[in-house]
Amino acid sequence: MKNVLVTGASGFIGRHTLKYLLPEFDEVHGIYNNRQLKEIKDVQWHKANILDDDSREKIIETVKPTHLLHLAWYAEPGKYAHSLLNIDWLKASLNLIKNFKNHGGQRVVCAGTCFEYDFSYGFCSEYDTPKNPGTIYGVCKNS
């Protein structure tokens, strides 16, 4: 059985991925912290705080996902680029992936950001633009 766990499932990117995941997986599980998207049917919703060790471990143990799509991160407009919370999110993300692997997880995909790249290059291409993050957000996402 293939099942996927999506962190940040009700967020800006996550909510748009669910309809594409539903036909590909036996089960689609979405993590939300603040709002659940009840209008998206057939997703099994779980309220969890990725930054909390117990909450993070419990969701992996409960769902036992074969796949993980990690989209959750701190993104408060005007604050996220230079916030030290990015370090907490990096640590939590690494622990999430470690826990996922320890419970038999097979494949992880994590969202990156354009902030990982050198803005002075003139354009952003993940294949051509050099990595040179200028913010703690970019450094942590790149890590």
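This text goes with the structure placed above it.
This section reports on the structure supplied with the text. Keep in mind it's a predicted model, so treat the numbers as computed, not measured. (Residues numbered from 1 in each chain as written. Predicted model: local features only at pLDDT ≥ 70, side-chain atom pairs only at ≥ 80, totals over all residues. Heavy atoms only, no water.)

Moving on, we get to unusual backbone geometry. At Asp42, a position not held by glycine, the phi torsion is positive, near 75 degrees. Along the polypeptide, Asp42 turns up in the loop between strand E2 (27-32) and strand E3 (43-47). Although it is not a glycine, Lys64 adopts a positive phi angle of roughly 50 degrees. Mapped onto the elements of the fold, Lys64 is located in the loop between helix H2 (53-63) and strand E4 (67-70). (Helix = DSSP H or I, 4+ residues; strand = E, 2+ residues; numbered from the N terminus.)

Our focus in this paragraph is the environment of Tyr137. If you trace the backbone, Tyr137 turns up in helix H4 (residues 136-142). C-alpha of Tyr137 to C-alpha of Trp73: the two residues are 64 residues apart in sequence and 9.7 Å apart in space. Not counting residues up to four positions away in its chain, the partners in contact with Tyr137 are Trp73, Tyr74, Tyr80, Ala81, Asn86, Thr113 and Phe115. (Contact = heavy atoms within 4.5 Å.)

Further remarks concern helix H3 (residues 85-102). Between its first and last C-alpha, H3 extends 26 Å over 18 residues, near the 26 Å set by a 1.5 Å rise per residue. Among the residues making up H3, those that are buried are Asn86, Trp89, Leu90, Ala92, Ser93, Leu96, Asn99 and Phe100. On its buried side, H3 packs onto strand E1 (3-7), H2, E4, strand E5 (107-110) and H4. Gly104 sits one or two positions beyond H3 and adopts a positive phi of about 90 degrees. (Expected span 1.5 Å × (residues − 1). Buried < 20%, exposed > 50% of the residue type's maximum accessible area, 1.4 Å probe, protein only.)

Now for the layout of surface pockets. Estimates place the volume of the largest pocket at around 660 Å³. In terms of lining, the largest pocket is formed by 29 residues, of which the most central are Gly8, Gly11, Leu71, Ala72 and Trp73. For the lining of the largest pocket, the elements supplying multiple residues, two or more each, are E2 and H4. A class-by-class count of the residues in the lining of the largest pocket yields 18 nonpolar, nine polar and two charged. Each pocket or cavity is described by its volume, and for the second largest pocket that value is around 210 Å³. If you trace the second largest pocket, you find 15 residues lining it, with Trp73, Cys110, Cys140, Lys141 and Ser143 closest to the centre. (1 Å grid on protein atoms, 1.4 Å probe; cavity = no way out; pocket = protein on both sides within 12 Å on 5 of 7 lines; lining within 4 Å. Points joined across faces, edges and corners; volume = space filled by probe spheres on them. Nonpolar A, V, L, I, M, F, W, Y, C, P; charged D, E, K, R; others polar.)

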